[in-house]
Amino acid sequence: MLTSKKAVHARGLYDFAGDHDNGELTFSAGETLTIVAQDIGEGWWEAKNEAGQQGLIPEAYVQLLEPPEPSFPPPPPPSAPATDHSGAGDWNVQQSAGDDWNARQSAAAGDWNNDAWNSHATDSWGDQAPAPSYTNHNNAGLNNQGFQGGGMQQQASEEGWDDDWDDDNEDNSSNSTTNTSQPAESKPDGPGATPTEQDQLPGSGNFGLSAAKRERKQMSQNSDFSKYGTVKKSFNRFSTFAKTGGDAFLMGTVSANVSESDLIKIIDTPEGPAWSYPSQPYTCSIKSPKKESKLKGLKSYIAYQLTPSFSNIQVSRRYKHFDWLHERLEAKFSCIPIPPLPDKALSGRYEDDFVSERMRQLQLWVDRMVRHPVISQSEVFNHFLTCTDEKKWKAGKRKAEKDEYQGGKFFLTLQTPPNCLDMRDVEKRMEIFCKFVKNMDDNMRNMLQIGHDSRKKHLGPYKREFQKIGGSFKQLADTFNLDSGAHSQNLTAAIDYTGDTYNEIGDMYEKQPKEDLDHMLEVLFEYKGMLSTYPDVLKLHEGAIGKAKECERLKDEGRMPESDVTAVIQRSDVISYGTLAEMNHFQRERVTDYKEMMQKYLSGQIKFYREITQKLETALHRFDNA
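Residues numbered from 1 in each chain as written. Predicted model: local features only at pLDDT ≥ 70, side-chain atom pairs only at ≥ 80, totals over all residues. Heavy atoms only, no water.

- In the nomenclature of an unreviewed UniProt entry, the protein corresponds to Sorting nexin from the organism Crassostrea virginica.
- Database annotation for the protein, UniProt heading Sequence similarities (unreviewed entry): "Belongs to the sorting nexin family."
- Recorded in UniProt for the protein, the comment headed Subcellular location (unreviewed entry) runs: "Cytoplasmic vesicle membrane". (UniProt positions renumbered as here; feature names shortened; annotations may be inferred.)

Structure representation (C-alpha cells):
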C-alpha cells in the first residue's frame, strides 16, 4: 500500500476493457487515474477514475505521472498480467496434451512444487459408508442414456460427410489435441482487424486462447461478484477456473432443469467419491483402414472402421473425426482429463506402416475412452460410435457443439451424495494427489529414458557383443579344423555349435523388445500423455477452493450474506466430488494397467532368459562326447 499521503496519479497508455464482474476498472489511453494501492500483486494495481469508480488495473497499461515523461511513443500494448489478482491465475496459452510437464507448469501458472499446497491441512480421508440416497445440488443433469436404439441404417458413404468441416486436410488442422499444435498468435489492434482478431487482443479476455478455450470461457462472463466490493483474491477471467466456467457455476449464475435420468451419479466408497460404473460395459474395435477419396479424387484420406460391441454395426471414421471428438470431450468434461490423440503427420500419411501404427494408437485411445464410466455413456461419444447416416451425423455434430452442459455447466449434471465434504480433508487429499502426479510424471520420464536406452542396446551393443563372442568361437573352431584327427572332431564341432548359439542369442536380443519392453514403453508413454492433461483439472479445483475461501472471508467481514456463502460452498463441494471421483477412476485404471504391464514384461523376460538358458544347456551337452 502507498505510504505517502500525497495522491499518486497515473496516465493510461492503452485502452483497457476491464471485467466489472471481476472487479476490474475500464479506462482509456490518456485518461488520468488515481492509484489507490500498488500491492495487489502479479502486476495488478487498484485505482480510481475521475468519476469515482474504483477497481483493478494492469500495471503495464499505465504510467505514473511523477517520473519524467518519456520523449518517445509507448510500445505496442503488452498483454495483461498472466495471473489472477492474488497471483494464482492462468494467462498463458495452454500447452498441447503431449507437451512436457514443465511446459504445463508454465501454462497453468501454478506452483507444481510440493510447496504449492503448504496451506492445506494435514487431515486424512476416513472411510465412508455408502449413502442411502443422493441429492442433486444443482437441479440439473446430463443426457446419460445408454446405447439403445433401433433402425440402424447401413453404413453411408464417406463422400460428402465432411462438407461442413472447415479443413479437409486432417493432419494439417490447427486443433490443439496433439503435440504438433502451435500457440495462438496475437494480432495488433486496428481498423483492419477481424472480429476474431479483436477477440484475441489484450484486454479482451480471450487473448492467447484457442477457439475451444474461448468457447469454454464464455460461461464465466456472467459471474456477479462485484456486488461484494473489489475482490482482490478472486480468480480472474484469464484463469483456468474462469475460462472453463467454474466461476460462473460456483457463484450460481447458471442453472438448468434436467430430468433425473440424465444425471451423472457419484457414490461414496471406502476409497472416497467415485463415478457410478455402467452395468453393461462394452468394447470397440478399429480395423480395416483403407484409403478413400472425394471430390473426384482431389482429396484423399484414410478411413478406419469402428465396430462397438453393443451394436456390431460398423461405422467409418477419419482421423479428423477423432480430432473433433477429442475437442468436444475437452470442452464438455471439465474435471475429466482427456488423453491426447496420436500425433498428426505432415508426410507419409498413406504409408502402410504409418497407417497401421496410427490405427493401433487410436485403438488404445478408444479403449481408454470406452472404459471411462462417464465418457463411454455420453451422448457425443455414442453419436461418434453409432451414427451411419449423413444427415443424422451433421445434426448430431451441431448438437454436440451447442451442448448446453459444457465447461463449468458440466457440474450442473452431477448428482452427488448428500453429505458435505470437509474442506481440509479435500485439500489434504488434493495435496497428496498433486505430489503423486508430479512424482509419477518424473518416474515416467526416467523410465522412458532408461527403457529407450535399453532398447537401443538390445538392437545394437547387446547383439554385437554376443555375436563377437560367437565369432570368436567360430574362429577357434576353424583353427581346430586344421587338425583332421578323429579325436578332435567332436570338440571342434561342439565349439563351432557354441559359436552359432551365441550368434543366435545376439539375434534374440535384437528381437526381444517387441516381446516385452515395447509394451512397457507404450504404457509409460500413454500415461505420460495422460499426466500432461492433469494441470488444468487440478487448477480448476484449486480455483473453486480459493473462491470458496474468499467468500468465507467476505462473510466474516460482513460483505457477503451467509446464505450466499453456504450456497457457494455447496457448489464447490460438487466440483470437489467430481474431481475426487475422477482421481479415484485414474487410480483404479493405473492399478489395472500397471499390473498387466508388469506381468507381461516379466513373463517376456522369463521366457527370453529361459530360451537362452536352454540354448546354452544344449551347447553344453555337445561337449559330453567331445
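### Brief notes about the overall build of the protein
Stage number 1. In terms of regular secondary structure, the protein is built from 15 helices and 11 strands.
Stage number 2. A separation threshold of at least 6 residues defines the contact pool for the protein, and within that pool the share at least 24 residues apart is 76%.
Stage number 3. Of the accessible surface of the protein, which amounts to about 29,400 Å², a share of 49% is contributed by carbon and sulfur atoms. (Helix = DSSP H or I, 4+ residues; strand = E, 2+ residues; numbered from the N terminus. Contact = heavy atoms within 4.5 Å. Areas by Shrake-Rupley, 256 points an atom, 1.4 Å probe, with all protein chains shown as cover.)

### Details of the sheet that holds strand E6 (residues 264–269)
Stage number 1. Reading across the sheet, the three strands line up as E7-E6-E11 and stay open at both edges, with mixed pairing between neighbours. The strands lining the two open edges of the sheet, one partner per strand, are strand E7 (272–275) and strand E11 (414–415).
Stage number 2. The pairing of E6 with E7 spans four bridges and is classified as antiparallel. Bridge pairing links Asp-268 to Pro-273 in E7.
Stage number 3. Here helix H15 (residues 562–621) sits on the sheet in contact with E6, E7 and E11, set at roughly 75° to E7. (Pairing = 2+ DSSP bridges. Axes fitted to C-alpha atoms, helices over the stretch in contact; angles between N-to-C directions.)

### Considering empty space enclosed by the protein
Stage number 1. Evaluation of the coordinates by the stated rule reveals five cavities of 30 Å³ or more.
Stage number 2. For the largest cavity, the calculated volume is near 140 Å³.
Stage number 3. Contributing to the lining of the largest cavity are 14 residues, with Pro-337, Pro-339, Arg-368, Met-530 and Glu-582 lying nearest its centre.
Stage number 4. It is H15 that contributes the most residues to the lining of the largest cavity, four residues altogether. (1 Å grid on protein atoms, 1.4 Å probe; cavity = no way out; pocket = protein on both sides within 12 Å on 5 of 7 lines; lining within 4 Å. Points joined across faces, edges and corners; volume = space filled by probe spheres on them.)

### Some words on helix H9 (residues 390–401)
Stage number 1. Helix length check: H9, at 12 residues, gives a terminal C-alpha distance of 17 Å against a target of 16 Å (1.5 Å per residue), a fit within 8%.
Stage number 2. Buried residues along H9 sit in contact with strand E10 (315–317), helix H6 (319–332) and helix H8 (379–386).
Stage number 3. Capping the start of H9 is the job of one residue whose side-chain oxygen sits 3.2 Å from the backbone nitrogen of Lys-391: Asp-389. (Expected span 1.5 Å × (residues − 1). Polar contact = N/O pair within 3.5 Å; in protein donor to acceptor, adjacent residues only side chain to side chain.)

### Some words on the packing of aromatic side chains
Stage number 1. Throughout the structure, instances matching the rule amount to 24 aromatic pairs.
Stage number 2. Their ring planes at 70° and their centres at 5.1 Å tell us that Phe-322 and Phe-384 sit as a pair that is edge-to-face. With Phe-322 in helix H6 and Phe-384 in helix H8, the pair connects residues that are 62 residues apart, well separated along the chain. Grouping residues by exposure puts Phe-322 and Phe-384 together as buried.
Stage number 3. Put simply, the rings of Tyr-462, Phe-466, Phe-473, Tyr-502, Tyr-509, Phe-608 and Tyr-609 pair up and form one aromatic cluster. (Phe/Tyr/Trp six-rings, centres within 6.5 Å; stacked < 30°, edge-to-face > 60°. Buried < 20%, exposed > 50% of the residue type's maximum accessible area, 1.4 Å probe, protein only.)

### Some details on the pairing of strand E4 (residues 54–58)
Stage number 1. Counting buried positions along E4 yields four of five residues, so the element is predominantly enclosed.
Stage number 2. Here strand E3 (residues 44–48) pairs with E4 via five bridges, running antiparallel. Within E4, the position partnered with Ala-47 by the bridge is Gly-55.
Stage number 3. Between E3 and E4, which pair antiparallel and follow one another directly, the connecting turn spans five residues, one of which, Gly-52, has a positive phi of 90°.

### Considering the sheet that holds E10
Stage number 1. One open sheet holds the three strands; their spatial order is E8-E9-E10, and the pairing between them is antiparallel. This sheet does not close on itself; its edge strands, each paired only once, are strand E8 (284–294) and E10. The mean angle between the axes of side-by-side strands here comes to 30°, regardless of whether they run parallel or antiparallel.
Stage number 2. In terms of strand pairing, E8 meets strand E9 (residues 299–308) through nine bridges, oriented antiparallel. Within E9, the position partnered with Glu-292 by the bridge is Tyr-301.
Stage number 3. Running at roughly 135° to E8, helix H7 (residues 352–370) makes contact with E8 and E9 of the sheet.
Stage number 4. On the sheet, H8 packs against E8, E9 and E10 and is oriented at approximately 105° with respect to E10.

### Here we look at unusual backbone geometry
The phi angle of most residues is negative, glycine excepted, and most peptide bonds adopt the trans form.
Stage number 1. One non-glycine residue, Ser-288, lies in positive phi territory at about 50°.
Stage number 2. The backbone of Asn-312 sits at a positive phi, close to 55°, despite the residue not being glycine.
Stage number 3. Relative accessible area serves as the criterion here: at 61%, Asn-312 is assigned to the exposed category.

### Here's the deal with the nonpolar core
Stage number 1. The biggest cluster of nonpolar side chains holds 82 residues, and the ones touching the most others in it are Trp-275, Leu-306, Phe-322, Leu-329 and Trp-365.
Stage number 2. By size, the runner-up hydrophobic cluster in this structure holds 18 residues, among which are Leu-13, Phe-16, Leu-56 and Ile-57. (Core = buried A, V, L, I, M, F, W, Y, C linked by side-chain atoms within 4.5 Å.)

### Topic: the pattern of salt bridges
Oppositely charged side chains are able to pair whenever their charged atoms sit close together.
Stage number 1. Counting across every chain of the model gives 30 salt bridges.
Stage number 2. Between Lys-394 and Glu-390 there is a salt bridge, with its nearest N and O atoms 3.5 Å apart. Here Lys-394 and its partner Glu-390 are both found in helix H9, four residues apart, which amounts to about one turn of the helix.
Stage number 3. The exposure class of Lys-394 is buried, given its relative accessible area of 17%.
Stage number 4. Residue Glu-390 is classed as partly exposed on the basis of its relative accessible area of 27%.
Stage number 5. Among the salt bridges present, the one from Lys-463 reaches Asp-507, with a minimum N-O distance of 3.9 Å. Of this pair, Lys-463 sits in helix H11 (residues 461–480) while Asp-507 is found in helix H12 (residues 486–511), placing the two residues 44 residues apart along the sequence.
Stage number 6. Of the residues examined, Lys-463 reaches a relative accessible area of 17% and is grouped as buried.
Stage number 7. Asp-507 sits in the partly exposed class, given a relative accessible area of 31%.
Stage number 8. Counted as one network, the salt bridges with shared partners bring together Arg-368, Arg-371, Glu-526, Glu-589 and Asp-593. (Salt bridge = Lys/Arg side-chain N within 4 Å of Asp/Glu carboxyl O.)

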